[in-house]
Amino acid sequence: MNILVTGGAGFIGANHVRWLLGRTEDRVINLDLLTYAGNLENLAGFEDNPRYRFVHGDIGDAALVARVLAEERIEAVINFAAESHVDRSLDAPRLFIETNVLGTQTLLAAASAARVARFLQVSTDEVYGSLGATGTFAEESPLAPNSPYAASKAAADLVCRAYGHTFGLPVLITRCSNNYGPFQFPEKLIPLMIANALEGKPLPVYGDGLHVRDWLFVEDHCTAIDAVLRRGRPGQTYNIGGGNEWPNIEIVRLLLRLLDRPESLITFVPDRPGHDRRYAIDAAKIRRELGWAPAHDFAQGVSATVDWYRDNRSWWERIRSGAYRAYYERMYGAGGRYGGR
Ligand code: NAD
Ligand code: DAU
């Protein structure tokens with residue numbers, strides 16, 4: 001199958017591109033704008049793979065998207081491309097609407113015109129809003145997004161629904177809980193805390209630290225997306241989660257134990273405005289219909305993740321210093337290894 005993966009230079013997208021190239025025979029075209037979150041170092045070594053092509057560009061560029069779909073005879077689109085960080089959405093809400101809503105609509109229109117056989121929208125459990133102490137989000141739960149990020153993802157889901165209903169595009173939506181694992185940008189909770197702990201810096205915990213997230217190892221998200229892409233029913237939404245709820249402060253303590261660093265590094269800071277208290281996913285539908293289940297337990301996944309960040313210190317140090325941005329120029333810029341491609 002010829003698959004267009006958007007946002008493949010980001011955290012989950014890069015893990016998914018690596019997974020597809022390693023586990024399937026599919027051809028993978030990665031369309032990524034390389035925003036601050038896009039890092040081609042996440043795919044270093046794959047440049048020469050004949051089943052892989054990188055295209056630098058915006059999902060909101062209709063002409064470019066149409067050209068790539070036609071040129072590569074794309075059969076399936078997986079849309080990871082997004083502005084993904086809640087805190088950033090508080091400072092720049094409009095960018096989130098532009099990328100996540102208008103960008104997705106541009107992709108949908110092009111995919112519809114090109115009669116693509118599958119369009120998978122990678123969404124999030126944040127579209128459902130916040131839970132109290134009990135209960136879980138099911139696919140039928142009302143949409144009640146609270147942050148500009150969550151609102152932009154919910155809006156994109158509804159535009160996807162409309163393209164399926166009105167234009168017959170075979171759209172599938174996945175809504176996953178919090179991911180963790182290799183290549184996650186060190187602005188998100190787990191990699192930020194690991195990097196700060198390794199550098200002996202304070203670990204900033206928002207509010208009382210008792211907000212709960214439902215954590216899933218990124219490769220389990222990839223296997224779920226793949227199952228939905230190949231075997232999901234068009235027009236359907238599938239929740240993805242591992243039933244693995246943790247209060248933030250417990251995650252932070254666990255990381256400090258694994259890294260053998262003192263709890264005195266923990267610093268409580270003012271809460272995130274509008275901070276959702278608790279997320280928990282009911283993933284019964286994808287288990288029942290597609291037989292998907294996570295393969296990694298949390299103890300194993302988190303310890304592998306800590307090892308990865310310890311072993312790949314230069315990866316996150318280059319991000320924190322900004323040096324990672326030079327990679328694209330070195331590889332793809334004029335005079336670079338793949339310059340002019
Ligand atoms: P990320 O921020 O690490 O990566 C996003 C990627 O999209 C980057 O490579 C960036 O360059 C690219 N991008 C941004 N704007 C673009 C545009 N206009 N055109 C082309 N590319 C563009 O994000 P992530 O954490 O890997 O999340 C990927 C997707 O999964 C997002 O849609 C997010 O909403 C969703 N999601 C994330 C999580 C999570 O825990 N991280 C959980 C559920 C769903
Ligand atoms: O639930 C899925 C979502 O998970 C995805 O849709 C988003 O793209 C992804 O960013 C993530 O959103 P969260 O807001 O849950 O993730 P974040 O890593 O930013 O924060 C996790 C929790 O940790 C949250 O309760 C806020 C808290 N936190 C975060 C940071 C960065 C802190 O206490 N301190 C911090 O410095």
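Everything numeric in this text was worked out from a predicted model, so none of it was measured.

What counts as what
Residues numbered from 1 in each chain as written. Chains lettered and ligands numbered in written order. Predicted model: local features only at pLDDT ≥ 70, side-chain atom pairs only at ≥ 80, totals over all residues. Heavy atoms only, no water. 1 Å grid on protein atoms, 1.4 Å probe; cavity = no way out; pocket = protein on both sides within 12 Å on 5 of 7 lines; lining within 4 Å. Points joined across faces, edges and corners; volume = space filled by probe spheres on them. Helix = DSSP H or I, 4+ residues; strand = E, 2+ residues; numbered from the N terminus. Nonpolar A, V, L, I, M, F, W, Y, C, P; charged D, E, K, R; others polar. Near = heavy atom within 4 Å. Polar contact = N/O pair within 3.5 Å; in protein donor to acceptor, adjacent residues only side chain to side chain. Areas by Shrake-Rupley, 256 points an atom, 1.4 Å probe, with all protein chains shown as cover. Core = buried A, V, L, I, M, F, W, Y, C linked by side-chain atoms within 4.5 Å. Buried < 20%, exposed > 50% of the residue type's maximum accessible area, 1.4 Å probe, protein only. Contact = heavy atoms within 4.5 Å. Pairing = 2+ DSSP bridges. Right-handed = clockwise from strand over helix to strand, strands pointing away. Axes fitted to C-alpha atoms, helices over the stretch in contact; angles between N-to-C directions. Phe/Tyr/Trp six-rings, centres within 6.5 Å; stacked < 30°, edge-to-face > 60°. Lys NZ or Arg CZ within 6 Å of the ring centre and 35° of its normal.

Draft legend 1. Summary view of the layout of surface pockets. If you add up the space inside the second largest pocket, you get close to 340 Å³. Surrounding the second largest pocket, 19 residues form its lining, Arg-161, Ile-173, Gly-235, Gln-236 and Thr-237 being those nearest its centre. Among the secondary structure elements, those contributing two or more residues to the lining of the second largest pocket are helix 5 (148-167) and strand 6 (171-176). Ranked by residues supplied to the lining of the second largest pocket, first place goes to helix 5 with six residues. Looking at the lining of the second largest pocket residue by residue, the class counts come to eight nonpolar, five polar and six charged.

Draft legend 2. View of the site of ligand 1. With respect to spatial proximity, 28 residues lie near ligand 1, and among them Ile-12, Asp-32, Ser-84, Tyr-149 and Lys-153 are the closest. Phe-11 places a main-chain nitrogen or oxygen 3.0 Å from an oxygen atom of ligand 1. With the chains in place, 97% of the 840 Å² that ligand 1 exposes on its own is no longer accessible. The set of elements that each furnish at least two residues to the shell around ligand 1 consists of helix 1 (11-23), strand 5 (118-124), helix 5 and strand 7 (178-180). Counting residues per element, the shell around ligand 1 draws most heavily on strand 5, which supplies three residues.

Draft legend 3. Main features of the nonpolar core. Val-5, Ile-78, Leu-120 and Ile-286 are the most contacted members of the largest nonpolar core, which totals 43 residues. Look past the residues within four positions of Ile-286 in its chain and what remains in contact with it is Ala-224, Val-228, Tyr-238, Asn-239, Ile-240, Gly-291 and Trp-292.

Draft legend 4. Structural context of the pairing of strand 2 (residues 27-32). Of all six residues in strand 2, five are buried; the element is thus mostly enclosed. Here five bridges tie strand 1 (residues 2-6) to strand 2, and the two strands are oriented parallel to one another. Following the sheet pairing, Ile-3 is matched in strand 2 by Val-28. Handedness of the β-α-β unit built from strand 1, helix 1 and strand 2 comes out right-handed. Here five bridges tie strand 2 to strand 3 (residues 52-56), and the two strands are oriented parallel to one another.

Draft legend 5. The arrangement of the sheet that holds strand 10 (residues 237-240) in detail. Taken together, the seven strands give an open sheet; going across it, the order is 3-2-1-4-5-6-10, and neighbouring strands pair in parallel fashion. A single partner strand is all that each edge strand has here, and the edge strands are strand 3 and strand 10. Across the sheet, the axes of successive neighbouring strands diverge by a mean angle of 20 degrees, strand direction being ignored. Taken together, the six bridges between strand 5 and strand 6 define a ladder with parallel strand orientation. From the neighbouring strand, Leu-120 faces strand 6, where its bridge partner is Leu-172. In this fold helix 2 (residues 62-71) packs onto strand 1, strand 2, strand 3 and strand 4 (76-79), with an angle of close to 165 degrees to the strand it touches most, strand 3. Against the sheet, helix 5 makes contact with strand 5 and strand 6, and its axis sits at roughly 155 degrees relative to strand 5, the strand it touches most.

Draft legend 6. How the structure looks around the site of ligand 2. Near ligand 2 there are 24 residues, and of these Thr-124, Asp-125, Tyr-149, Arg-272 and His-275 occur at the shortest range. The separation between an oxygen atom of ligand 2 and a polar main-chain atom of Ser-84 is 2.8 Å. Taken by itself ligand 2 offers 680 Å² of open surface, and the protein chains cover 94% of this. When the residues that make up the shell around ligand 2 are grouped by side-chain class, the tally is 10 nonpolar, eight polar and six charged.

Draft legend 7. Region of interest: the packing of aromatic side chains. Per the counting criterion, the structure on display carries 15 aromatic pairs. With a centroid separation of 5.1 Å and 90 degrees between ring planes, the pair formed by Tyr-36 and Phe-185 is classed as edge-to-face. Of this pair, Tyr-36 sits in the loop between strand 2 and strand 3 while Phe-185 sits in the loop between strand 7 and helix 6 (189-198), and the two are 149 residues apart along the sequence. Residue Tyr-36 shares its accessibility class with Phe-185, and that shared class is buried. Three or more aromatic residues link up through ring pairs in this structure, and these residues are Tyr-180, Trp-215, Phe-217, Trp-246 and Phe-298. Lying over the aromatic face of Tyr-36, Arg-88 brings its terminal NZ or CZ to 3.4 Å of the ring centre. Between the NZ or CZ atom of Lys-285 and the centre of the ring of Tyr-238, over which it lies, the distance is 4.8 Å.

Draft legend 8. Structural detail: unusual backbone geometry. Look at Arg-73: it is not a glycine, yet its phi comes out positive at around 45 degrees. One non-glycine residue, Arg-115, adopts positive backbone phi at about 55 degrees. Along the chain, Arg-115 turns up in the loop between helix 4 (93-113) and strand 5. The class for Arg-115 is exposed, based on a relative accessible area of 73%.

Draft legend 9. Focus on empty space enclosed by the protein. Counted by the stated rule, this structure contains two cavities of 30 Å³ or more. Reported here for the largest cavity is a volume of approximately 60 Å³. As for the largest cavity, its lining consists of Val-86, Glu-126, Asn-146, Ser-147, Arg-213, Arg-272, Gly-274, His-275, Asp-276 and Tyr-279. For the lining of the largest cavity, the class distribution of residues is two nonpolar, four polar and four charged.

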